[in-house]
Amino acid sequence: MTVRVGVIGAGWIGQEHIRRLTETVTGARVTAVTDIDAARAEEAAARVGARALSTGAELISADDVDAVLVTSWGPTHAEHVLDAVTAGKPVFCEKPLATTAEDCLRIVDAERAHGQRLVQVGFMRRYDPGYRQMKQVIDSGRIGEPLVVHCAHRNPTVPESYHTDMAALDSAVHEIDVLRWLLDDEIVSAQVVLPRSTSRRHPHLKDPQIMLFETAKGIRIDLEVFVNCQYGYDIQCETVGEEGLVRLPDPAAVGVRTAGQHSTAVLMDWVGRFVDAFDTEFREWIAGIAAGEEPTGPSAWDGYAATVISNATVEARQSGRIVATDMKPRPAFYGGTA
């Protein structure tokens, strides 16, 4: 079976996923594209022999669209995902699932009413080989019960449009999701400590930030978000357990010895760092649809949790307090007890 995909949003990430579905992932074909910029939609569609449609609603209802990919502006995500669920079509939504907890819960309620999972959220780190190996080690019990997690999320630079809240909403949200998955535990509180800011930042930006989280089981997480570190794109994660630790490996790179030095390259952007994870994410999504299976990746509930926790982190920075996440109980539909 060839899964016919309609893409809502033809910006950079949308076009990158169109390329991925066309050139890298087998069993998929992009048949329709829409964007707020009609000319951009026409151009993106023409490159892959797809149709350009006027609206997301038109695309979702199209007979030649089996599944929907949402890569539009974040505040539009909830509307498109809800329309896809109403139409009974699988929908992959790049993060955020929605910008408010209330809209996330509307999606959760709609999916539960439908009776089966249709929604997957684009948290690609769960598909990274290093994180998957860490998950296997933690789940096996080799390091004992996890006690502490140390993380860093560093970018060389960010544009002037990047503002202080985005450290939680756009950057740390990836750690928030992957740590919930790695630890099989829920984050119950957030705190933010602001060290001295780098002189390399834009004047309006607080950078770096230290984010402190506590889980329901009492695991403590510290996360350094430093988006003007200059030297490269660097993602670090180390879980310390009762009997050992497991550390995320750096991307494979050759060692160079020359002029009295031994060096290895550092990647400069997130695209190169997680390209394999993106490819695996879409291969598994398409294969599941073709097999008639429910998605197994990050769920609508995971999207809700990420939004609640990242918003609590913003509140913690603004208020200077420890902020409880105050999430709703997880429904049994998503593996909870409520």
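My aim in this report is to walk through the structure given alongside it, one point at a time.

Rules of the game
Residues numbered from 1 in each chain as written. Predicted model: local features only at pLDDT ≥ 70, side-chain atom pairs only at ≥ 80, totals over all residues. Heavy atoms only, no water. Helix = DSSP H or I, 4+ residues; strand = E, 2+ residues; numbered from the N terminus. Rg over C-alpha atoms; globule rule 2.2 N^0.38 Å. Buried < 20%, exposed > 50% of the residue type's maximum accessible area, 1.4 Å probe, protein only. Contact = heavy atoms within 4.5 Å. Areas by Shrake-Rupley, 256 points an atom, 1.4 Å probe, with all protein chains shown as cover. Lys, Arg positive; Asp, Glu negative; His and termini not counted. Charge placed at Lys NZ, Arg CZ, Asp CG, Glu CD. Salt bridge = Lys/Arg side-chain N within 4 Å of Asp/Glu carboxyl O. Pairing = 2+ DSSP bridges. Right-handed = clockwise from strand over helix to strand, strands pointing away. Phe/Tyr/Trp six-rings, centres within 6.5 Å; stacked < 30°, edge-to-face > 60°. Axes fitted to C-alpha atoms, helices over the stretch in contact; angles between N-to-C directions. Parallel < 35°, antiparallel > 145°, perpendicular 65-115°, else oblique. Left-handed = near helix turned anticlockwise from the far one by under 90°. Expected span 1.5 Å × (residues − 1). Arc of directions from axis to C-beta.

Scanning the chain for helices and strands turns up nine helices and 15 strands. The C-alpha atoms of the chain give 20 Å as radius of gyration, which agrees with the globular expectation for 338 residues (20 Å, within 12%). Expressed along its principal axes, the backbone C-alpha trace of the chain runs to roughly 55 × 55 × 40 Å. Per-residue burial for the chain yields a buried fraction of 53% across its 338 residues. Considering only residue pairs separated by 6 or more positions, the chain has 73% of its internal contacts joining residues 24 or more positions apart. Element-wise, carbon and sulfur atoms account for 49% of the exposed surface of the chain, whose accessible area totals about 15,400 Å². Positive and negative side-chain charges of the chain, numbering 33 and 47 respectively, have mean locations separated by a distance of 3 Å.

On inspection of all chains with the given rule, the structure shows 24 salt bridges. Residue Glu 16 is joined to Arg 20 by a salt bridge in which the shortest nitrogen-to-oxygen separation is 3.3 Å. Here Glu 16 and its partner Arg 20 are both found in helix H1 (residues 12-23), four residues apart, which amounts to about one turn of the helix. The exposure class of Arg 20 is buried, given its relative accessible area of 1%. Connected through salt bridges with shared partners, the residues Arg 126, Asp 177, Arg 180, Glu 186, Asp 302 and Arg 330 form a single ionic network.

Burial within strand E2 (residues 28-34) is extensive, with six of its seven residues counted as buried. Relative to E2, strand E1 (residues 3-8) runs parallel, the two being bridged by six bridges. Each bridged residue has a counterpart across the sheet, and for Val 7 the counterpart in E2 is Val 33. Following the chain from E2 across helix H2 (residues 38-47) to the adjacent parallel strand E3 (residues 51-52), one finds a crossover that is right-handed.

Across all of its chains, the model carries nine aromatic pairs by this definition. Aromatic side chains Tyr 233 and Phe 274 sit 6.4 Å apart centroid to centroid with 85 degrees between the ring planes, which places their arrangement in the edge-to-face category. Separated by 41 residues along the polypeptide, Tyr 233 in the loop between strand E10 (220-226) and strand E11 (234-241) and Phe 274 in helix H8 (residues 270-290) bring together distant segments of the chain. A centroid spacing of 4.7 Å and a plane angle of 45 degrees characterise the contact between Trp 301 and Tyr 304, whose relative ring orientation is tilted.

Bringing the sheet that holds strand E9 (residues 209-215) into the picture now. Paired through backbone hydrogen bonds, the strands of a sheet run either parallel or antiparallel to each other. Taken together, seven strands build an open sheet; the order of strands is E12-E11-E7-E10-E9-E8-E15 and the sheet is mixed. Of all strands in the sheet, those bounded by a partner on one side alone are strand E12 (245-247) and strand E15 (323-324). Across two bridges, strand E8 (residues 187-193) lies against E15 in antiparallel orientation. By the bridge assignment for E15, Ser 189 is matched with Ala 324. Strand contacts of helix H6 (residues 129-140): strand E7 (146-154), E11 and E12, with the helix running at about 5 degrees to E11, the strand carrying the most contacts.

A few words on the sheet that holds E2. Read across the open sheet, the six strands follow the order E3-E2-E1-E4-E5-E6; overall the sheet is parallel. Pairing within the sheet leaves two strands with one partner each, and these edge strands are E3 and strand E6 (119-122). Across the sheet, H8 is in contact with E1, E2, strand E4 (67-70), strand E5 (91-94) and E6; its angle to E5 comes to roughly 160 degrees.

This paragraph deals with the packing of H1 against H8. Pairs of packed helices are described in terms of their axes, by the angle between the two and the distance that separates them. Two elements in contact, H1 and H8, have axes whose closest approach is 11 Å; the angle formed by their N-to-C orientations is 55 degrees. Here H1 lies oblique to H8, going by the angle between them. Judged by the twist between their axes, the crossing of H1 over H8 is right-handed. Contact residues: H1 offers Trp 12, Ile 13, His 17, Arg 20 and Leu 21, while H8 offers Trp 270, Val 271, Val 275, Phe 278, Asp 279, Phe 282 and Ile 286.

Right, let's get into the environment of Pro 331. Mapped onto the fold, Pro 331 is located in the segment after E15. When its relative accessible area of 5% is taken as the criterion, Pro 331 is described as buried. With residues up to four places along the chain from it excluded, the contact list for Pro 331 reads Arg 112, Trp 301, Gly 336 and Ala 338.

Further remarks concern helix H5 (residues 101-114). Between its first and last C-alpha atoms H5 spans 20 Å; for 14 residues at 1.5 Å apiece the expected length is 20 Å, and the two agree. Residues of H5 that are buried: Ala 101, Cys 104, Leu 105, Ile 107, Val 108 and Glu 111. Summarising the axial view, the buried residues of H5 lie within an arc of 155 degrees, below the 170-degree limit, and thus occupy one face. Turned more than 90 degrees from where H5 packs its buried face, Glu 102 and Ala 113 sit exposed.

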